[in-house]
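# Observations on chain architecture
Next come the chains, spelled out residue by residue.
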Amino acid sequence: MAQHEPTSDEQDAAGLPFPSIRSIGFGAPLRWIARGLADLKACPAASLFYGFCFTGMGLLVTFVFEHAYQYTSAVTTGFLLLAPFFAMGLYELSRRRERGEACALAPTLTVWRRNAGNIAVFAGVLTVIFLIWARASLVVFAMFYTQELPNLTGFLTQVLALENLEFLIVYFAVGLVFALLVFAVSVVSIPLMLDRNQDAITSMLASIRALAENPLPLLFWAMLIVGATLLGFLSFHIGLAVLMPIVGHATWHAYRDLVEPLPD
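Residues numbered from 1 in each chain as written. Predicted model: local features only at pLDDT ≥ 70, side-chain atom pairs only at ≥ 80, totals over all residues. Heavy atoms only, no water.

Before going further, it helps to spend a moment on helix α13 (residues 215-234). Every α-helical turn comprises 3.6 residues, leaving residues that sit three or four positions apart pointing alike. The terminal C-alpha atoms of α13 lie 28 Å apart, and with 20 residues this matches the ideal 28 Å at 1.5 Å per residue to within 8%. Backbone geometry just after α13 places Phe236 at a positive phi near 60 degrees. (Helix = DSSP H or I, 4+ residues; strand = E, 2+ residues; numbered from the N terminus. Expected span 1.5 Å × (residues − 1).)

Here the protein chain shows a mean pLDDT of 84. Residues at 70 or above account for 80%. Averaged pLDDT values over the elements of the protein chain bottom out at 48 in helix α1 (residues 8-14) and peak at 97 in helix α2 (residues 28-42). With pLDDT under 50 throughout, residues 1-11 is counted as low confidence; its partners more than four residues away or in other chains account for five contacts. (pLDDT = per-residue confidence, 0-100. Contact = heavy atoms within 4.5 Å.)

It is worth spelling out the packing of aromatic side chains at this point. Describing an aromatic ring pair means giving the distance of the ring centres and the angle of the ring planes. With the rule as written, the count across this model stands at seven aromatic pairs. Ring plane angle 80 degrees and centroid distance 5.3 Å describe the contact between Phe49 and Tyr50, whose orientation is recorded as edge-to-face. Ring centres of Tyr171 and Phe172 lie 5.8 Å apart, and the angle between their planes is 90 degrees; on these two criteria the pair is classed as edge-to-face. Three or more aromatic residues link up through ring pairs in this structure, and these residues are Trp133, Tyr171, Phe172 and Phe178. (Phe/Tyr/Trp six-rings, centres within 6.5 Å; stacked < 30°, edge-to-face > 60°.)

Written out as structure tokens, the structure reads:
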């Protein structure tokens, strides 16, 4: 039987050491946001292209499922679970600016080709988590939602009025578990795969280690991401056009602070 000959990318990845994780201060996420904003200002056209993609997808989900909110919540949350994958172009823009290269949109559209196999593995992991969450979301609605299902506006009114409190507690508790799981495996995963051609498993383990070694700063970072996302949704998704690029660029700078660079 013919043996598989490793590709040059596989050989490079096999020779990489496990990423060394740095300890960071509690206020580091604020510095990442500031740097992300600077990247947006430096590359406005390309960054806003991705921002409007986030806005468009959010609006589409909301309008399509306006009268079946149990599906809207699951799909919207799934969209957020997959956001690290969609934000690859923003990571690449920050990387190019860091290297003194032009803020060109075209090269970022196919950046996934740099490490397609491992990015596909990571995307598959996130997709599985999303599908499980979507099913869990429907189960929670079926078991705990005691009122007639409203449209989106009615649902938000009930949430703000704290109606059906048992459902809200269970729904957000279950959602928090899935959100923390995704956050844990994605803190630096895609930047590692893009920057070093690192394999997916090592990248996810490095992300988990980064969270384990810096729990408070990274939980603060997670809160900032959630806050920016909520602001985007409360502005009828329009705010996502600016806020998501800032978060995407900031994620690249989080990677730079958290992961020790390779020796020259």
